[in-house]
Amino acid sequence: MAEKQKQFVKEIADFNEDFPQWYTDVVIKTELVDYGPIKGTMVIRPYGYAIWENIQKQLDMRFKATGHQNAYFPLLIPQSLLQKEAEHVEGFAPEVAMVTVAGGEKLSEPYVIRPTSETIFCTMYSKWINSYRDLPLKLNQWANVVRWEKTTRPFLRTSEFLWQEGHTIHATREESLKETMDMLYLYRDFARDVLAMPTFVGQKSEKEKFAGAEATFGMEAMMLDGKSLQAGTSHHFGQKFSRAYDIQFLDKDGTHKYVWQTSWGVSTRLIGALIMAHGDQRGLVLPPVVAPVQVIVVPVAAHKEGVKEKAQEITDALIACGIRAQADFSDNSPGWKFNQWEMKGVPVRLEVGPRDLEQGVVTVVRRDNLEKSTIELQNCRSVVEQLLKDIQKAMYEKALNFRDSHVRNVHNMKELEQALNDKCFAKIMWDQDAECEALVKEKLQATVRVMLDEQPFDDVCGICGKKSDKLRVAIIARAY
RNA sequence: CGAGGUGUAGCGCAGUUUGGUAGCGCGCUUGGUUCGGGACCAAGAGGUCGUGGGUUCAAGUCCCGUCACCUCGACCA
């Protein structure tokens, strides 16, 4: 028995030895995703897509609550449109896929498959906007985009991925800056409350900012191997795009002005982040809010009198109060089911067997800490409801503790290297010099993830040791 | 594009050194016994060995070509 258990754990690679391999194994074996016929694409299977749907639902609610609306723009973009903003083209050119033939004829102008939709939004915005009364316009799009990446990994980097991209335009710089930050914080709160994932948010370096943006802000999450994953971005464009695409409005003072613009997005990468932030040796651990199945009811000895009926009854009662519950009546052995649903990360398991029925109880096991207990049958509903909330909270606290114990203030290159080798994020004072950034990358294979709005703790740059008036607290980490 | 690796049953692999009837485990099907942490017994089904050419009486195995995929680097949500 114990042998089989060990074998099972082996099935999903070794969590400690090779974390990326563990990750890939888990997403494939838990049927979240499969490789598509084209290299670098993935097929998101029902179980994985259900997570995405829950993420969508939670985000969409928050977007609507902050005055955004959804819309949809075309997949194909004429190449010339993409080329209007110089930095933007340059940034995306290496990774765009193009359509050159349609309707059996070679096109006079190739169509780009959107790598992102700034250009098409801008084109339409310039037609739609006349007056300050038309502003702000705050649209969001749920869509797929294509970026021909050289190396790929399911969810974390694929040639095609799903995301949401918000594109807003405003009459003033203050307002667009506020929008950029508001959305950044919206993402941070969403990650905390929905994904149970603590993040660092802050400004990206010049080198890492979005092609065509004036400033880019990012949200970085810590994975269980101490590496960082960019989980979301929010860009301030200033008037760069509005000048390139001629988006002007007539202001109150009677003069024409260019709009101020933002964009922000999160993608299916969030699913990858979830997995790498919470998983364990047994597989996935999903936060209840996004778990496709929140409660799995496993009958034990289902053929015995009343077991199946009771399991169904309990499941129905939970579904009736809005819990995503499911009963597993397949003819696998209970042990197999336990392991299977644990691997799939279901937060709560209820075991219903003859022994439980005799005593009028049900056995409950939580996925996050594997604690097992029994509850009175009549309290089942309310206990489970509370338990889901507790698990959500406990998962966040666990992730937060992990992160806080893996963040370290460092003052020089030596300490920085030590921190990275200890699988930690490093907080360091940085003078925003590109040479320092390049040095860290070359010597330590690490990058400046974000710059935080925190009090300086040194008066020199931790990398080059020089004084500077541009010192910021930076997070440096190895990253996915 | 640089460096490594892998293609044999649905999945994971052995077999290749030394050419000679295509194997194992899991899964799948059927019947039966089971059921509180991956059950057991029995009987089955399932393969042009990635692909093209060559050597040979004979190629999964040797030779030449080619394709695909994976991992790690440079680039990115």
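Residues numbered from 1 in each chain as written. Chains lettered and ligands numbered in written order. Predicted model: local features only at pLDDT ≥ 70, side-chain atom pairs only at ≥ 80, totals over all residues.

**Some words on the sheet that holds strand β5 (residues 97–102)**
At step 1: The three strands are arranged β4-β6-β5 in an open sheet whose pairing can be described as antiparallel. Both outer strands of the open sheet, β4 (76–78) and β5, are each paired with one neighbouring strand and no more. Shown here is a sheet whose adjacent strand axes are inclined to one another by a mean of 45 degrees, direction ignored. (Pairing = 2+ DSSP bridges. Helix = DSSP H or I, 4+ residues; strand = E, 2+ residues; numbered from the N terminus. Axes fitted to C-alpha atoms, helices over the stretch in contact; angles between N-to-C directions.)

**So, the sheet that holds strand β19 (residues 372–376)**
At step 1: A sheet is described by the order of its strands in space; here five strands give the open sequence β16-β15-β17-β18-β19, paired in mixed fashion. Looking at the sheet topology across the chains shown, the edges are occupied by β16 (325–327) and β19. Taking the axes of each pair of neighbouring strands and ignoring which way they run, one obtains an average angle of 25 degrees across the sheet.
At step 2: Where strand β15 (residues 295–299) and strand β17 (residues 348–352) come together, five bridges link them in parallel fashion. The partner of I296 across the bridge, within β17, is R349.
At step 3: Against the sheet, helix α11 (residues 334–343) makes contact with β15 and β17, and its axis sits at roughly 170 degrees relative to β15, the strand it touches most. (Contact = placed C-beta atoms within 7 Å.)

**Describing unusual backbone geometry**
If a residue is not glycine, its phi is most likely negative; likewise, a peptide bond is most likely trans.
At step 1: A cis amide bond links L135 to the next residue, P136, at an omega of -10 degrees.
At step 2: Structurally, the position occupied by P136 is in the loop between α6 (118–128) and β7 (137–146).
At step 3: Of note in the backbone geometry, F155 takes a positive phi value of approximately 70 degrees without being a glycine.
At step 4: Mapping F155 onto the fold places it in the loop between β7 and β8 (160–170).
At step 5: For F155, a count of 28 C-beta atoms within 10 Å translates into the label buried.
At step 6: One non-glycine residue, Q445, adopts positive backbone phi at about 50 degrees. (Buried ≥ 20, exposed ≤ 12 C-beta atoms within 10 Å, placed from the backbone.)

**Some words on the nonpolar core**
At step 1: By size, the foremost hydrophobic cluster in this structure holds 100 residues, and its most contacted members are V297, A426 and I476.
At step 2: I120, Y245, F249 and W260 belong to the second-largest nonpolar core, a separate cluster that totals 21 residues. (Core = buried A, V, L, I, M, F, W, Y, C linked by C-beta atoms within 7 Å.)

**As for the domain arrangement of chain A**
At step 1: Domain assignment breaks chain A into domain 1 (2–278), domain 2 (295–386) and domain 3 (410–477).
At step 2: With centres defined by C-alpha atoms, the gap from domain 1 to domain 2 works out at 38 Å. (Domains from an automatic or database assignment.)

**Quick look at the environment of D18**
At step 1: Topologically, D18 is positioned in the loop between α1 (2–11) and α2 (19–29).
At step 2: Residues D18 and T315 lie 297 residues apart in sequence; the distance between their C-alpha atoms is 38 Å.

**Some points on helix α13 (residues 380–404)**
At step 1: Its 25 residues place the ends of α13 35 Å apart at the C-alpha level, agreeing with the 36 Å of an ideal helix rising 1.5 Å per residue.
At step 2: Residues C380, V384, L387, L388, I391, Q392, M395, Y396 and A399 constitute the buried set of α13. (Expected span 1.5 Å × (residues − 1).)

**With respect to the pairing of β19**
At step 1: With zero of five residues buried, β19 is to be regarded as a mostly surface element.
At step 2: In the sheet, strand β18 (residues 361–366) pairs with β19 via five bridges, with the strands oriented antiparallel. Residue V365 lies in a different strand from β19, and its bridge partner there is K372.
At step 3: Here β18 hands over to β19 after five residues, with L370 in that stretch at a positive phi of 60 degrees.

**So, α11**
At step 1: When we look at burial in α11, the residues that qualify are W341, E342 and M343.
At step 2: Where the residues of α11 are buried, they touch α2, β15 and β17.
At step 3: Phi turns positive one or two residues past the end of α11, at G345, with a value near 80 degrees.

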